[in-house]
Amino acid sequence: MVTRWGDYITLEYGKPVPDKGRTDGRYPVFGTNGQIGTTNLKPLCNHPSVIIGRKGAYRGVHYSDGPFSVIDTGFYMESKTEQLDYQWAYYKFLTYDINSMDSGSAIPSTDRYEIYHIPVVLPPIEIQRQQIQCLSKIDSLISINQKINDYLDEQMKITYEHLFQNCASFIPLGDICDVQKGLSYKGNGLGMSGSLLINLGNIQPGGGFRTDNNKFYTGEYKPKYQVKAGDIVIANTDMTQDRVILGSPAIVPDYEGTILFTHHLFAFRDVKCPISFLYYYLRSSDFHNKCESSANGTTVLAVNREDILSCLVPADMEKIQQFGSICDNNLKLMKINSQQKDVLKD
């Protein structure tokens, strides 16, 4: 007998959480891309469960091992049966392409009724827990790897703040680089193989590259829409009003074939400073605040080329080179760790 997820679960809407921005709350708060803060208010869900992104270009699948809340850009899962382990459901949903389940609205959105119709074979609860035990061991290795990268990343943020917090002189970002908008692609050119097409779904909120939402393109393009490993791209668009993706940068990863980038991104060209300095400047609160204040649009937020290039950056080239000499090697180590983590995930 064929069963479907709708036989076992419901997906409930998240709600606004007034104090979601705090960092010292008792309960985690999730959005479409993962945890966005904490709260001391009563949690929306009182047990461990799965969170599924509802709105945005990238709509992820996440798990909370305790009570939590979800804002209105996400769903949380409630089970209809005691024969389903939420953590098993989480691992199972990681195998689905949630972002292809689009409701067709102006803002990319997940249709929960499409999820309800996904066929599923539910093993006995004992088998589910055996599988969880195995997958959890792999998750532990991935977590250790990620903690190392988080530590290196935090050290580089601290180094950036230490060197540049009292900077007395600034120059426009356009003095040390240029930016170019990416390919406005045709949907019928997307496929399971071809050129890697870096898109909004690859951008980690606040900075970083996600490999779990890769797209591939077989259509026509001009050479100017190519980037290479080590280049920096940033989101010039945010499909939601959260403003967490807008202006977030990512470093292009290694890929054996051609790498393209979409019109929702800018690629940095003619960079005249260490890549590590540019990357951590783009992740600074000064740059993010500038992007937020420059953003325009009601449904979809966007910043233009002139807004980006007019941002002010520290002008002390001696300190900029010093930062590069300290942090370039750390970025290389983080790249190696990320590659190992991707192997474990596969």
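Relevant structure appears above.
Each chain carries its own residue numbering, running from 1 in the direction its sequence is written. Residue-level local features of this predicted model are given only where pLDDT is at least 70; pairs of side-chain atoms are given and counted only at 80 or more, and the full residue set underlies all totals for whole chains, interfaces and linings. Note: side-chain values were computed over all heavy atoms of the structure, leaving out hydrogens and water.

**A short note on the overall build of the protein chain**
Right, so step 1: Across its full length, the protein chain holds 7 helices and 22 strands.
Right, so step 2: Values of the radius of gyration come from C-alpha atoms, whereas the globule rule sets the reference at 2.2 Å times the count of residues to the power 0.38. Taken over the C-alpha trace, the protein chain has a radius of gyration of 21 Å; the compact-globule value for 346 residues is 20 Å, and the two agree within 12%.
Right, so step 3: For the protein chain, the C-alpha atoms occupy an extent of roughly 65 × 50 × 40 Å along the three principal directions.
Right, so step 4: Residue burial is assigned from relative accessible area. The probe radius is 1.4 Å, only protein chains are included, and a residue is buried under 20% of its type maximum, exposed over 50%, and partly exposed in between. A burial count over the protein chain gives 48% of its 346 residues as buried.
Right, so step 5: Long-range contacts, defined here as pairs at least 24 residues apart, represent 74% of the contacts in the protein chain between residues at least 6 apart.
Right, so step 6: Under the convention used here, a 1.4 Å probe and the Shrake-Rupley method define accessible areas, while residue burial counts only the protein chains that appear. Counting only carbon and sulfur atoms, one obtains 50% of the accessible surface of the protein chain, whose full area is about 17300 Å².
Right, so step 7: Charged residues are defined narrowly, with Lys and Arg counted positive, Asp and Glu counted negative, and His plus the chain ends left uncounted. The atom standing in for a charge is NZ when the residue is Lys, CZ when it is Arg, CG when it is Asp and CD when it is Glu. Between the centroid of the 34 positive side chains of the protein chain and the centroid of its 38 negative side chains there is a distance of 2 Å. Note on conventions: DSSP H or I runs of at least 4 residues are helices, E runs of at least 2 residues are strands, and numbering of each starts at the N terminus. In this description, contact between two residues means that some pair of their heavy atoms is separated by no more than 4.5 Å.

**What about the sheet that holds strand β13 (residues 195-198)?**
Right, so step 1: Taking strand neighbours across the sheet as the criterion, the 5 strands line up as β12-β14-β13-β19-β15 in an open arrangement whose pairing is mixed. Every interior strand has two partners, whereas the edge strands, β12 (190-191) and β15 (226-227), have only one.
Right, so step 2: Note that β15 and strand β19 (residues 259-261) share 2 bridges and pair antiparallel. Across the sheet, the residue bridging to Val 227 is Ile 259, located in β19. One requirement defines pairing of two strands: DSSP has to find at least two bridges between them.

**Some points on the nonpolar core**
Right, so step 1: What is meant by a nonpolar core is a set of buried Ala, Val, Leu, Ile, Met, Phe, Trp, Tyr and Cys residues, joined one to another through side-chain atoms within 4.5 Å. Within the largest apolar cluster, 35 residues are counted, with the highest numbers of intra-cluster contacts made by Leu 173, Phe 268, Phe 277, Tyr 281, Leu 282 and Ile 308.
Right, so step 2: Among the secondary structure elements, those contributing two or more residues to this core are α3 (125-164), β16 (232-235), β20 (265-269), α4 (275-282), α5 (285-294), α6 (305-309) and α7 (317-345).
Right, so step 3: A per-element tally of this core places α4 first, with 6 residues.
Right, so step 4: Those residues in contact with Ile 308 that lie beyond four places of it in its chain are Leu 173, Val 179, Ile 234, Phe 266, Phe 268, Phe 287, Cys 291 and Val 303.

**As for unusual backbone geometry**
Trans peptide bonds make up most of the peptide bonds, and negative phi angles are found at most residues other than glycine.
Right, so step 1: One non-glycine residue, Asp 270, lies in positive phi territory at about 50°.
Right, so step 2: Within the secondary structure, Asp 270 is located in the loop between β20 and α4.

**A short note on the pattern of salt bridges**
Right, so step 1: When a carboxyl oxygen of Asp or Glu lies within 4 Å of a side-chain nitrogen of Lys or Arg, that pair is called a salt bridge. Inspection of every chain in the model, using the stated rule, returns 7 salt bridges.
Right, so step 2: Between Asp 231 and Lys 228 there is a salt bridge whose closest N-O contact spans 3.1 Å.
Right, so step 3: Of the residues examined, Asp 231 reaches a relative accessible area of 12% and is grouped as buried.
Right, so step 4: Asp 254 serves as the salt-bridge partner of Lys 335, at 3.1 Å between the closest nitrogen and oxygen. Placement of the pair is Lys 335 in helix α7 and Asp 254 in the loop between β18 (249-251) and β19, with a sequence separation of 81 residues.
Right, so step 5: For Lys 335, a relative accessible area of 38% translates into the label partly exposed.
Right, so step 6: In this structure Asp 254 comes out as partly exposed when scored by relative accessible area, which is 42%.
Right, so step 7: Several salt bridges share partner residues, and in doing so they unite Asp 153, Lys 157 and Arg 283 into one network.

**Here's the deal with the state of the cysteines**
Right, so step 1: Throughout, disulfides are identified as pairs of cysteine sulfur atoms within 2.5 Å of each other. Applying the stated criterion across every chain, the model contains 0 disulfides.
Right, so step 2: Take Cys 311: it sits in no disulfide, and the sulfur closest to it among the cysteines is that of Cys 291, at 5.6 Å.
Right, so step 3: The exposure class assigned to Cys 311 is buried, which follows from its relative accessible area of 3%.
Right, so step 4: Cysteine Cys 327 is unpaired, with the sulfur of Cys 273 as its nearest cysteine sulfur at 13 Å.

**Re the packing of helix α1 (residues 86-93) against α3**
Right, so step 1: Axis angles are defined between N-to-C directions and span 0 to 180 degrees, where every axis is a line fitted to C-alpha atoms and, for a helix, only to the segment in contact. Packing of α1 against α3 leaves a shortest axis separation of 9 Å and a crossing angle of 65°. Crossing handedness for the pair α1 and α3: left-handed. Of α3, the residues touching α1 (which contributes Gln 87, Trp 88 and Tyr 91) are Gln 128, Gln 131, Ile 132, Leu 135, Ser 136 and Asp 139.
Right, so step 2: Residue composition of the contact of α1 with α3, by class: 4 nonpolar, 4 polar and 1 charged. Each helix crossing is assigned a hand: it is left-handed if the near helix lies turned anticlockwise from the far helix by less than a right angle, otherwise right-handed if that turn is clockwise. Residue polarity follows a fixed list, in which Ala, Val, Leu, Ile, Met, Phe, Trp, Tyr, Cys and Pro are nonpolar, Asp, Glu, Lys and Arg are charged, and the others, Gly among them, are polar.

**A look at the sheet that holds β18**
Right, so step 1: Ordered by their spatial adjacency, 4 strands build an open sheet running β11-β20-β16-β18, and the pairing between neighbours is antiparallel. The sheet is open, and its two edges are formed by β11 (178-181) and β18, each paired on a single side. Neighbouring strand axes in the sheet, compared pairwise and without regard to direction, differ in orientation by 30° on average.
Right, so step 2: Bridging between β11 and β20 involves 4 bridges; their strand directions are antiparallel. Bridging across to β20, Gln 180 finds its partner in Ala 267.
Right, so step 3: Lying on the sheet, α4 is in contact with β16, β18 and β20; it crosses β16 at an angle near 10°.

All we've got here are geometric facts, nothing functional implied.
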